[in-house]
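What follows is the residue order along each chain.
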Amino acid sequence: MREIVLHDTRSGELLPLRPRDPGRVGVYACGPTVYSRIHIGNARPFVVFALLKRFLEHEGYAVDLVVNVTDVNDKIYDAARQSSPAHPRSSAELAAEMTERYRADTDALGLGRPDHEPLASETIGPIIDHIQTLVDRDHAYAVDGDVYFRVRSDPGYGTLSHRQLENMDQGEAASEADELAERKEDPLDFALWKAQKPGEDTSWPAPWGVGRPGWHIECSAMAEQLLGVGFDIHGGGSDLVFPHHENEAAQTRAARGEELTRLWMHNGMIQFTGEKMAKSVGNVALLHEVLDEYGPETVVMYLISGHYRQPLAFSTAALEQAQANVKRIREAGRRLSSGDSPTELAGLRDRFFEALARDFNTAEALSVLNEWLREASSRTDATGDAHLREMLGVLGLESLLAPSEQAPGDVRELAEQRERARAERDFAAADRLRDEIAALGWEVRDGPAGFELLPL
């Protein structure tokens, strides 16, 4: 197997992948909180870790990819109440609907599903057990139905986010922080279990009273339930490093005496006019709308155009550039014949996978892929479609080599009329017919064997 190195947020270094179980890699990536439709920023971790799974499988590993759904959360309660003030929806109903919409929107990317997609609402038993262990070990305490984690009881707290305790807070709103200050032993402590409040319609019984879990403990329990402790890669957006992932790590250390994961892998944010794209800011581009306008191949190409750890600017120009790249690859693929690649092309194919092995650098891999295409197009023996299919498959772009869809009959009739006009040297009519064909969404391309119709 090729050596693979990945950037670990905790150490700040590139670390070689050394799976806990030889030949098998466990990956947990934090999924969405389902209170509304997901945006293009939410799609970046979904794409990054779906393609990381493909690459690892290409390199010979068996991969268990877990992407959770947070369907119990303050934001869901709030969104359900605000959906119709006179007749608010239940939070469970809203979460179920948005979970299905999330799955439909990400299905449309064409990358398949994760191996496991646990719901927080279906993991309540393991969550309660985990909290009870923390209480029993004196890392947590109950107050009037709430349970809080004692942050200062964990000597390793802050080692993931590289923050000092005096520079931390748990991100609570000012009004909530004032209320919680009277309940917490320490302002740094965070909620593991929250007692049911008026207007919260989804809750469960627990030893400390009726309520529901805090956000951070949900992921610790779901990850451990499916992958065990000490699994290989925990991923998510860089906005989750603190407090979410810092708290996950602390909970597991305190309850189990070992680290939750061997390596923390974080993707950069999608930026819109210089700010992180976020529903709370209101600067979102919903995934399903971007997919409808540009198509899945363009969206995937855009999301892998930069290194996963770096921010990625969102703009029409960036999407149009990705669209042009997709078109160029599709057209180059049509010109290739089957057969083994010449030595020069095989060497570029190896460089492509070496780029992915160095911290999953899709931007560099795309650059090598473009070099491969230029070299292939310059040769009279333009073979190597198997290697192109292999590379595109790892990037989730294998559909670019699918046979072109057949043009409808009316478009073909116009193309045949244009062919006759050209034969009669009526070039004005030929140009007019070409424009009519384009208006119907097709490009007519002339060649020695006659015309070819390609979708625009």
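As the structure is a computational prediction, the values presented were derived from the model and not from experiment.

(A) Representation of the overall build of the protein chain. Along the protein chain, the regular secondary structure elements total 15 helices and 15 strands. Its C-alpha atoms put the protein chain at 90 × 55 × 35 Å along the principal axes. Across the 456 residues of the protein chain, 52% fall into the buried class. Considering only contacts in the protein chain between residues 6 or more positions apart, those separated by 24 or more positions represent 74%. Accessible surface for the protein chain amounts to roughly 20,100 Å². Of this, 48% is attributable to carbon and sulfur atoms. Counting 49 positive and 76 negative side-chain charges, the protein chain places the averaged centre of each group 4 Å from the other.

(B) Region of the structure containing the side chain of Asn361. With respect to the helices and strands, the residue Asn361 is situated in the loop between helix 11 (343-357) and helix 12 (362-377). You can call Asn361 buried: its relative accessible area is 16%. Residue contacts for Asn361: discarding those within four places in its chain leaves His307, Ala355 and Leu356.

(C) Layout of the pairing of strand 10 (residues 261-267). Here strand 10 lies mainly inside the structure; six of its seven residues are buried. Direction of pairing for strand 9 (residues 231-237) relative to strand 10: parallel, over a ladder of six bridges. Looking across to strand 10, one finds that Phe231 is bridged to Thr261. For the crossover from strand 9 across helix 7 (residues 241-256) to strand 10, the handedness is right-handed.

(D) Focus on the nonpolar core. Counting 81 residues, the largest nonpolar core has Ile40 and Leu369 as its most contacted members. Sort the elements by how many residues they give to this core and helix 1 (residues 40-58) lands first, with 11 residues. Val147, Leu188, Trp208 and Phe242 belong to the second largest nonpolar core, which has 41 residues in total.

(E) A look at the sheet that holds strand 7 (residues 190-195). Read across the open sheet, the four strands follow the order 5-6-7-8; overall the sheet is antiparallel. Every other strand in the sheet has two partners, leaving strand 5 (140-143) and strand 8 (211-213) as the edge strands with one partner each. Strand-to-strand twist of the sheet, defined as the mean angle between neighbouring strand axes without regard to direction, takes the value 20°.

(F) Highlighting unusual backbone geometry. The omega torsion across Phe242 and Pro243 is 5°, close enough to zero to call that bond cis. Looking at the secondary structure, you find Pro243 in helix 7. Backbone geometry places His162, a non-glycine residue, at a positive phi of 60°. Counting through the fold element by element, His162 comes out in the loop between strand 6 (146-149) and helix 5 (174-181). A positive phi angle, close to 60°, is found at Asp359, a residue other than glycine.

(G) Layout of the environment of Gly393. Here Gly393 is to be found in helix 13 (residues 385-394). In this structure, the C-alpha to C-alpha distance between Gly393 and Glu331, residues 62 residues apart in sequence, is 17 Å. Contact partners of Gly393, with chain neighbours within four places excluded, come to Arg54 and Glu398.

(H) Geometry of helix 6 (residues 215-227). With 13 residues, helix 6 extends 19 Å between its outermost C-alpha atoms, agreeing within 8% with the 18 Å of an ideal straight helix rising 1.5 Å per residue. Along helix 6, the residues that are buried comprise His216, Ile217, Glu218, Cys219, Ser220, Ala221, Met222, Ala223 and Leu227. In the segment just after helix 6, Gly228 is the residue with positive phi, at about 75°.

(I) Looking closely at the packing of aromatic side chains. Inspection of the entire model under this criterion finds nine aromatic pairs. Ring geometry for Trp193 against Trp208: centres 5.9 Å apart, planes inclined by 55°, an arrangement best described as tilted. Within this pair, whereas Trp193 is found in strand 7, its partner Trp208 is found in the loop between strand 7 and strand 8, the two being separated by 15 residues in sequence. No difference in accessibility class separates Trp193 from Trp208, as the two residues are buried. Directly above the aromatic system of Tyr102 lies the positively charged group of Arg113, at a separation of 5.7 Å from the ring centroid.

(J) Molecular detail of a negative patch on the surface. A surface patch of like charges, here negative, comprises Glu289, Asp292, Glu293 and Glu320. Take Asp292: it is sitting in helix 8 (residues 287-294).

(K) Seen up close, the packing of helix 10 (residues 316-335) against helix 12. Two elements in contact, helix 10 and helix 12, have axes separated by 10 Å at closest approach and are oriented at 40°. Note on packing geometry: the crossing formed by helix 10 with helix 12 is left-handed. Contact residues: helix 10 offers Arg328, Ile329, Ala332 and Arg335, while helix 12 offers Leu369, Asn370, Leu373 and Ser377. Within the contact of helix 10 with helix 12, the residues separate by chemical class into four nonpolar, two polar and two charged.

(L) Spotlight on the side chain of Glu331. With respect to the element layout, Glu331 can be found in helix 10. Sequence-distant contacts of Glu331, that is, excluding residues within four places in its chain, are made with Glu443 and Arg445.

(M) Spatial organisation of the sheet that holds strand 9. Strands sit in the order 4-3-9-10 across an open sheet of four strands; the sheet is parallel. What marks the edges here is a single partner per strand, and that holds for strand 4 (62-67) and strand 10. Geometrically, the sheet is characterised by an average inter-axis angle of 20° between neighbouring strands, direction not taken into account. Of the strand pairs in this sheet, strand 3 (residues 24-29) and strand 9 are connected by three bridges, and their pairing is parallel. Of the residues in strand 9, the one forming a bridge with Ala29 is Gly235.

Cut-off values and rules
For every chain, the first residue of the written sequence is number 1, and numbering continues from 1 along that sequence. At least 70 in pLDDT is required for a residue's local features to be given in this predicted model, at least 80 for side-chain atom pairs to be given and counted, and no such filter applies to totals for whole chains, interfaces and linings, which use all residues. Water and hydrogen atoms were dropped before computing side-chain values, which therefore reflect all heavy atoms in the structure. A run of H or I in DSSP becomes a helix once it reaches four residues, and a run of E becomes a strand once it reaches two; helices and strands are each numbered from the N terminus. The cut-offs for exposure are 20% and 50% of the maximum accessible area for each residue type, with area from a 1.4 Å probe on protein chains only; residues under the lower value are buried, those over the upper are exposed, and the others partly exposed. Should any heavy atoms of two residues lie within 4.5 Å, those residues are counted as being in contact. Residue burial considers only the protein chains on display, and all accessible areas are found by Shrake-Rupley using a 1.4 Å probe. Working convention for charge: Lys and Arg count positive, Asp and Glu count negative, and His plus the chain ends are omitted. For this purpose, a charge sits on NZ of Lys, CZ of Arg, CG of Asp or CD of Glu. Strand pairing is assigned whenever DSSP detects at least two bridges linking the two strands. Convention used here: a crossover is right-handed provided that the path from the first strand, over the helix, to the second strand proceeds clockwise when the strands point away from the viewer. For this analysis, a nonpolar core means a set of buried residues of the types Ala, Val, Leu, Ile, Met, Phe, Trp, Tyr and Cys, connected via side-chain atoms within 4.5 Å. For helices, the fitted line uses only the C-alpha atoms of the stretch in contact; every axis is such a line through C-alpha atoms, and the angle between N-to-C directions lies from 0 to 180 degrees. Under the convention used throughout, the expected extent of a helix is 1.5 Å for every residue step, that is, one less than its residue count. Only centres within 6.5 Å qualify two rings of Phe, Tyr or Trp (six-membered ring in Trp) as a pair; their planes then separate them into stacked at under 30 degrees, edge-to-face at over 60, and tilted for everything else. The criterion for a charge sitting over a ring is simple: Lys NZ or Arg CZ within 6 Å of the ring centre, and within 35 degrees of the ring normal. Put simply, a patch holds well-exposed residues, over 30% relative accessible area, that have no salt bridge, with like charges counted together within 9 Å and Val, Leu, Ile, Met, Phe, Trp or Tyr side chains within 5 Å. Salt bridges are counted wherever a side-chain nitrogen of Lys or Arg sits within 4 Å of a carboxyl oxygen of Asp or Glu. Handedness of each helix crossing follows the sense of rotation of the near helix against the far helix: counterclockwise by less than a right angle gives left-handed, clockwise gives right-handed. Under the convention adopted here, Pro, Cys and the residues Ala, Val, Leu, Ile, Met, Phe, Trp and Tyr are nonpolar, Asp, Glu, Lys and Arg are charged, and Gly plus all remaining residues are polar.

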